Amino acid sequence: MENRRRRVPAMAPEERRAALIEATIPLLHEHGLEVSTRQIASAAGVAEGTIFGVFESKSQLVVCSVIKALDPQPDLDALAAIDRAAPLRERVIAAAELVHRRFLERAHLMHAARKLIMVGEQDPETVARMAANRARIGAAVADVFAPDAARLRVTPDRAAHLLLMFCGANTFGPYGEPDSFSGADLASLLLDGIHLDETEQKC
C-alpha cells in the first residue's frame with residue numbers, strides 16, 4: 001500500500017503569529033530592520049505569503065516582534081528578587097548591573113523600537129504600551145532604593161531615574177564605555193558622589 005504523507009494540521013492564527021514573532025526576534029538581532037520577509041519565512045519554515053495571512057505588513061510583524069523581545073517581565077522578576085534586607089550599596093550594584101545588561105543586550109532592538117514605534121507613525125496604543133513598560137522598569141528600580149528612602153537626599157523615583165539615565169548614557173551615548181561598566185562605580189557615584197569627605201582627603 002502506498003504510504004501517504006500525513007497532513008499537518010494548520011495552526012490557528014494566534015499560534016501562527018506567535019511562531020512568526022519567535023522566528024523574527026533572532027533575525028532582528030542579526031540583521032536589524034533590514035531583515036526580509038523571505039528570511040523570516042525561511043526561519044519559520046513557512047511560505048513567504050503565510051506572513052501576510054496573519055500580519056498586515058512586514059512592519060506590523062517587526063513591531064510586534066520588537067515589543068515581544070523587549071518584554072520587561074524577566075527583568076522585573078530579577079529586580080524583585082534582589083534581597084531588600086541586603087545593604088543599600090549591594091542592592092544598587094545588583095540593580096545597576098542588571099539594568100546595564102538589559103540595555104546592552106537589547107541595544108539594537110531599543111534603537112529599532114524608537115525608530116519604528118516612538119518616532120514612526122504607529123498606533124497610540126503601541127506607543128502607550130512601550131511607555132508603560134519603561135515606567136514599570138523605573139518603578140521596579142525605585143523599589144530597590146525604597147527601604148532606605150529616609151537616608152536619601154532624593155526620592156527613590158529620582159534615584160531610579162538617575163541610575164537608568166546613567167546606564168542608558170553608558171550604552172547609547174557618545175562617551176559610553178559599555179565594556180568597562182561597573183555597577184560598583186555607579187553605586188559609589190550615586191551614594192557617595194565624587195567629592196572626598198574630610199576623613200578621606202589626604203593631608
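Residues numbered from 1 in each chain as written. Predicted model: local features only at pLDDT ≥ 70, side-chain atom pairs only at ≥ 80, totals over all residues. Heavy atoms only, no water.

1. Comments concerning the confidence of the model for the chain
In step 1: Looking at the chain, pLDDT values average 87 and 89% of them are 70 or higher.
In step 2: When pLDDT is averaged over each helix and strand of the chain, the minimum, 74, is found for helix α7 (residues 107–119) and the maximum, 97, for helix α5 (residues 73–80).
In step 3: Segment residues 1–8 is flagged for pLDDT under 50; beyond a separation of four residues in sequence, or across chains, it makes zero contacts in the model. (pLDDT = per-residue confidence, 0-100. Helix = DSSP H or I, 4+ residues; strand = E, 2+ residues; numbered from the N terminus. Contact = heavy atoms within 4.5 Å.)

2. Considerations on the environment of A81
In step 1: By the secondary structure assignment, A81 is in the loop between α5 and α6 (88–105).
In step 2: On the accessibility criterion, A81 (62% relative accessible area) is exposed.
In step 3: Here the alpha-carbon distance between A81 and V144, two residues 63 residues apart in the chain, equals 9.8 Å. (Buried < 20%, exposed > 50% of the residue type's maximum accessible area, 1.4 Å probe, protein only.)

3. A few points about the nonpolar core
In step 1: Of all hydrophobic cores here, the largest spans 50 residues; its most connected members are L20, L79, V141, F145 and L163.
In step 2: Not counting residues within four places of it along the chain, the set of residues in contact with L20 comprises I40, A44, V46, I51, V54, F55 and L61. (Core = buried A, V, L, I, M, F, W, Y, C linked by side-chain atoms within 4.5 Å.)

4. A few points about the environment of G176
In step 1: Following the sequence through the fold, G176 ends up in the loop between α9 (156–172) and α10 (183–192).
In step 2: Overall, G176 belongs to the partly exposed group, its relative accessible area being 23%.
In step 3: Sequence-wise, G176 and F166 are 10 residues apart; in three dimensions their C-alpha atoms are separated by 9.3 Å.
In step 4: Residues in contact with G176, not counting those within four places in the same chain, are A169 and N170.

5. Remarks on the side chain of T24
In step 1: Within the secondary structure, T24 is located in helix α1 (residues 13–31).
In step 2: Among the polar contacts listed, one links the side chain of T24 to the backbone oxygen of L20, at a separation of 2.7 Å.
In step 3: Apart from the residues lying within four places of it in its own chain, the contact partners of T24 are I40, L61 and S65. (Polar contact = N/O pair within 3.5 Å; in protein donor to acceptor, adjacent residues only side chain to side chain.)

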